[in-house]
Amino acid sequence: MSSPYYVTTPIYYVNGPPHIGHIYTTVVVDVMARYRRLVGEDVYFLTGTDEHGQNIERAARDHGISPQEHADQIVAAYPPLYQALHVTNDDFIRTTEARHAVGVEAIIARIAAAGDLYVGSHDGWYCASCEAYYTEKELAPGNICPTHETPTEWRSEENLFFRLSKYQDALLRWYDEHEAAVQPESRRNEVRAFVEAGLRDLSVSRHGLTWGIPFPEHAGHTVYVWLDALTNYISALGFGHAEHTLYDRFWAHDGDSDGGTGQRTHAGKRIHVVGKDILRFHAIYWPAFLMSAGLPLPTSVVAHGWWLRDQRKVSKSSGNVVDPGELIEHFGADPLRYFLLREMVFGQDASFSDEAFVDRYNSDLANDLGNTVSRVLTLSRRAFDGCTPPSRGEGPLETAATEAVASYRAAMDDLAFHRALEALWRLLSQANQFLVAREPWKKMKDPDARDEVAETLWNVIEATRIVASGLTPFMPEKSEQVLTALGASVPASVDGLGWGGTGYEVPLPETAPLFPRIDKAVYLADAARPASGGAQGAASPGGAAKKETKSKNAKPKASGAKKAGGESSVIDIDQFFETELRVANVLEAEAIPKSNKLLKLTVDAGEEAPRTVVAGVAKQYQPEELVGKQVVIVFNLKPAKLMGVESNGMVLAASEGDGAVLVRPIEPVTPGTRVR
Ligand code: MSP
């Protein structure tokens, strides 16, 4: 039987519409769930919303509606957004549902039965946004909340307390005995140090706050929002209900026991993915509640970093939210998913900017992936009557592919998503280099070279198929499109990543462009965003902020270049971007008869077929010394005839006196890479 794999996102507060930070956790968990399904595990993916507490009550009051109406309005944004993002959650729990309250009441009954609740008085510094008390030591000067950078308030109340201090040693043992309990390791050390410094009992009820679950047997008190919220992870599985098959399958079997401590066990994986700001609640409070209730603990609490904009956490309170809806509209869901997983080193913070987004889209997706696919398909169609090659010869790319898949799988197991993607891109680049080195376009008409051409193209198609198969958890829709274009099917399991899946003589119908290039200048100007990103560029779901920022950031039109310092003309960035500069590999170089200045170069600029460029560098360079070198060309220059040879572009060179020194990247890059 396949092993259970239960994975959760935090449940999101409904004080505002979902932003990029929320989407990130959801997409990460979706990638994990999709990958584990491919591995063959019995996956259950839970997400949902956290709807109680003072924050929500306040937000509803600001809108002049009831908290439930407010929650309903915000929650309505989730299904269409998740659908657009291809999120495959199995359930969506809302803490205002009756099934959840049953679970909360049941865990409280077990905690009470363990003797871990008592009435006491509580005073301290309280952050309403965190819904948590802080010690003075934890606050920034001026009693400022370390997470929200807003003032905390002094509170005094009579509450129910949970004997958290009693679990200090058991928690330390848990961290020490279970390497995976808190990930990454740096976070485990942080949590461990916090617990070791001493835990105080925790108040788990609020007096006089009506928007919450009534505390069983304590009229006038509601359940502390974190005890309420954390319990979603088991209430959604049916904990506390007579019928709890999912709970048995994914959290605890009746009768599971570790033989004496009263702590129940369960062989499956139970993984909570959370942002670093809420790690304390998940890695300290939640396991302590479960220990008290005698229930199995999560197998891992995994913390990721924050998306920042202008060095600050993207959040509603900072007013710098990035609206996922707008990005999906411009780029599609899959490029957004790809960007989020590729750009952030899982566990660390990352900066969001529109510019970085467009750059990654154009270089990784349009150029590396899109161009490779369309190039190899065009060649195969041309050489083999619209089909994949009829034979494969040897497997010169097989070792590279096997190594890439091994690195990819190890990285997926380590939740190092950026490394998994890097491994796939390495293979893509090896396949590209192999294609360029083999020059099949030159041999296609030679009947003696038919086997060699088949071998080259089959190997490149196969490597690309493996890349696309590895991408299915990340870009479910686009990877399917790529696989269909390659005449392959979507893998049903990780076995599909094995070498040899490409069929012979499979028809390759023409397909729509996979990743049409985005004109960055136009996109940035259109969205009226600052090129480096920033709070002003933040868009609101209603688009109001967009309109407002448009006038603030609108760039002057490129009318008439101004003179600066009396020397160079000043041009608008849009004008600069009209010139498309790209890196190209020189495949061949020859002198042009009767010209002592011009060389004819055949270059690979990342297109389906090489192009010819005439360069005026014959005085400085011998043709043979240029072969194999990289140059930079003006890619979108109108073709011109020079000494009878059509030149499709211009090679960049620094002019010094009479001479010209060719410009090239200081490290090799994939041909076709844009220079800006
Ligand atoms: N409701 C609680 C979680 C309860 S779980 C039992 C909560 N909600 S939240 O809406 O504020 O945040 C939900 C998740 O989104 C957290 O994991 C948080 O770290 C994540 N993010 C919110 N803003 C973020 C960024 N700017 N970047 C990355 N993730 C961040 O906390």
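Before reading on, note that the structure itself is shown above.
Analysis parameters
Residues numbered from 1 in each chain as written. Predicted model: local features only at pLDDT ≥ 70, side-chain atom pairs only at ≥ 80, totals over all residues. Heavy atoms only, no water. Helix = DSSP H or I, 4+ residues; strand = E, 2+ residues; numbered from the N terminus. Buried < 20%, exposed > 50% of the residue type's maximum accessible area, 1.4 Å probe, protein only. Contact = heavy atoms within 4.5 Å. Areas by Shrake-Rupley, 256 points an atom, 1.4 Å probe, with all protein chains shown as cover. Lys, Arg positive; Asp, Glu negative; His and termini not counted. Charge placed at Lys NZ, Arg CZ, Asp CG, Glu CD. Expected span 1.5 Å × (residues − 1). Phe/Tyr/Trp six-rings, centres within 6.5 Å; stacked < 30°, edge-to-face > 60°. Lys NZ or Arg CZ within 6 Å of the ring centre and 35° of its normal. Pairing = 2+ DSSP bridges. Salt bridge = Lys/Arg side-chain N within 4 Å of Asp/Glu carboxyl O. Near = heavy atom within 4 Å. Polar contact = N/O pair within 3.5 Å; in protein donor to acceptor, adjacent residues only side chain to side chain. Axes fitted to C-alpha atoms, helices over the stretch in contact; angles between N-to-C directions. Parallel < 35°, antiparallel > 145°, perpendicular 65-115°, else oblique. Left-handed = near helix turned anticlockwise from the far one by under 90°. Nonpolar A, V, L, I, M, F, W, Y, C, P; charged D, E, K, R; others polar. 1 Å grid on protein atoms, 1.4 Å probe; cavity = no way out; pocket = protein on both sides within 12 Å on 5 of 7 lines; lining within 4 Å. Points joined across faces, edges and corners; volume = space filled by probe spheres on them.

> Could you clarify how one ought to interpret the overall build of the chain in this entry?
Counting its secondary structure elements, the chain contains 23 helices and 27 strands. Looking at the 676 residues of the chain, the share that counts as buried comes to 55%. For the chain, contacts bridging at least 24 residues in sequence account for 73% of all contacts bridging at least 6. When the accessible area of the chain is evaluated, it comes to approximately 28600 Å², of which 51% is carbon and sulfur surface. Distance between charge centres in the chain, computed from 68 positive and 88 negative side chains, equals 5 Å.

> Can you walk me through helix H18 (residues 450–470) in this structure?
In an α-helix, one turn spans 3.6 residues; hence positions three or four apart end up facing the same way. In a regular helix each residue adds 1.5 Å, so 21 residues correspond to 30 Å; H18 covers 30 Å between its end C-alpha atoms and thus fits that length. Of all 21 residues in H18, 18 are buried, a share of seventy percent or more.

> Is there a simple way to explain unusual backbone geometry in this structure?
Phi is mostly negative for residues that are not glycine, and the peptide bonds are mostly trans. In this model, Gln-183 is joined to Pro-184 through a cis peptide bond whose omega is -10 degrees. The residue Pro-184 is located in the loop between strand S7 (182–183) and helix H7 (185–196) in this model. Phi at Lys-594 is positive, roughly 70 degrees, even though this residue is not glycine. Looking at the secondary structure, you find Lys-594 in the loop between strand S18 (581–591) and strand S19 (599–604).

> Would you mind showing me how to read the packing of aromatic side chains here?
Aromatic ring pairs are defined here through the distance separating the ring centres and the angle between the ring planes. Going through the model one piece at a time under the given rule, you end up with 34 aromatic pairs. Ring-pair connections join several aromatic residues into one group, and the members of that group are Tyr-24, Trp-307, Phe-331, Phe-339, Phe-352, Phe-357, Tyr-361, Phe-515 and Tyr-523. Across from the ring centre of Phe-635, 3.9 Å away, lies the NZ or CZ of Arg-582, which sits over that ring.

> What am I meant to see in the sheet that holds strand S4 (residues 117–127) here?
Sheet strands pair via backbone hydrogen bonds, and the direction of the pair is either parallel or antiparallel. The antiparallel open sheet is built from 4 strands, whose spatial order is S5-S4-S6-S8. Two strands in the sheet have a free side with no partner beyond their single neighbour: strand S5 (132–134) and strand S8 (202–203). Two elements, strand S6 (residues 153–162) and S8, share 2 bridges in a ladder whose sense is antiparallel. Along S8, the bridge assignment pairs Phe-161 with Ser-203.

> Where do I start with the pattern of salt bridges in this structure?
Two side chains bearing opposite charge may form a pair once their charged atoms approach each other closely. Enumeration over the complete set of coordinates arrives at 35 salt bridges. Residue Asp-414 pairs with Arg-419 through a salt bridge whose shortest N-O separation is 3.5 Å. Overall, the relative accessible area of 39% leaves Arg-419 in the partly exposed class. Residues Glu-580 and Arg-517 are paired through a salt bridge, measuring 3.9 Å at the closest nitrogen-oxygen approach. Residue Glu-580 is found in the loop between helix H22 (573–578) and S18, and its partner Arg-517 is found in the loop between helix H19 (476–485) and helix H20 (520–526); the two are separated by 63 residues along the sequence. Overall, the relative accessible area of 30% leaves Arg-517 in the partly exposed class. It is possible to trace a salt-bridge network through shared partners that takes in Glu-355, Asp-359, Lys-520 and Arg-676.

> What's the story with the site of the ligand in this structure? I'm lost.
In the region of the ligand, 24 residues are neighbours, and Asp-50, Gly-275, Asp-277, Trp-307 and Val-314 sit closest. Within the backbone of Gly-21, one N or O atom sits 3.4 Å away from a nitrogen atom of the ligand. Here an oxygen atom of the ligand sits 2.6 Å away from a polar atom, N or O, in the side chain of Asp-277. In isolation the ligand exposes 660 Å². Once the protein is present, 96% of that is buried.

> In this structure, what is going on with the pairing of strand S11 (residues 269–275)? I would like to understand it.
Where a strand is regular, its side chains alternate between the two sheet faces. S11 sits mainly inside the fold: 6 of its 7 residues count as buried. Looking at chain direction, strand S1 (residues 4–13) and S11 are connected through 4 bridges and run parallel. Residue pairing for S11: Val-7 is matched across the bridge by Ile-271. Pairing of S11 with strand S12 (residues 300–304) involves 5 bridges; the strand directions are parallel. Looking at the pairing, Ile-271 lines up with Ser-300 of S12.

> Please clarify how the packing of helix H16 (residues 417–438) against H18 should be interpreted in this entry.
In helix packing, the relevant descriptors are the interaxial angle and the interaxial distance, both defined with respect to the helix axes. Interhelical geometry of H16 versus H18 gives an angle of 165 degrees and a closest axis separation of 9 Å. Accordingly, the angle class assigned to the pair H16 and H18 is roughly antiparallel. The crossing of H16 and H18 is left-handed. Listed contacts from H18 to Leu-424, Leu-427, Leu-428, Ala-431, Phe-434, Leu-435 and Arg-438 of H16 are Glu-452, Glu-455, Thr-456, Leu-457, Asn-459, Val-460, Ala-463, Thr-464, Ile-466, Val-467 and Gly-470. Of the residues contributing to the contact of H16 with H18, the split by class is 11 nonpolar, 4 polar and 3 charged.

> Would you explain empty space enclosed by the protein in this entry?
To locate leftover empty space, one rolls a probe as large as a water molecule over the atoms. In the structure shown here, the tally under the stated rule is 4 cavities of 30 Å³ or more. Put simply, the largest cavity is a space of about 60 Å³. As for the largest cavity, its lining consists of Pro-10, Ile-11, Asp-50, Trp-226, Ala-229, Leu-230, Asn-232, Tyr-233, Ile-278 and His-282. Elements with a contribution of two residues or more to the lining of the largest cavity: S1, helix H8 (225–230) and helix H9 (232–235). Counting residues per element, the lining of the largest cavity draws most heavily on H8, which supplies 3 residues. When its residues are assigned to classes, the lining of the largest cavity shows 7 nonpolar, 2 polar and 1 charged.

> How should the packing of helix H14 (residues 354–383) against H16 be read in this particular structure?
Running from amino to carboxyl end, H14 crosses H16 at an angle of 40 degrees, the nearest separation of the two axes being 11 Å. With respect to H16, the axis of H14 lies oblique. Remark: the crossing between H14 and H16 carries left-handed chirality. Contacts between H14 and H16 involve Asp-364, Leu-365, Asp-368, Leu-369, Thr-372, Arg-375 and Leu-379 from the first element and Trp-425, Leu-428, Asn-432, Leu-435 and Val-436 from the second. Looking at side-chain class alone, the contact of H14 with H16 contains 7 nonpolar, 2 polar and 3 charged residues.

> Please explain the environment of Val-301 as it appears in this structure.
Within the element layout of this structure, Val-301 appears in strand S12. Owing to a relative accessible area of 0%, Val-301 belongs among the buried residues under this scheme. If we ignore the near neighbours within four places in the chain, the residues touching Val-301 are Ala-180, Ala-181, Val-182, Gln-183, His-272, Val-274, Leu-279 and His-282.

All we've got here are geometric facts, nothing functional implied.
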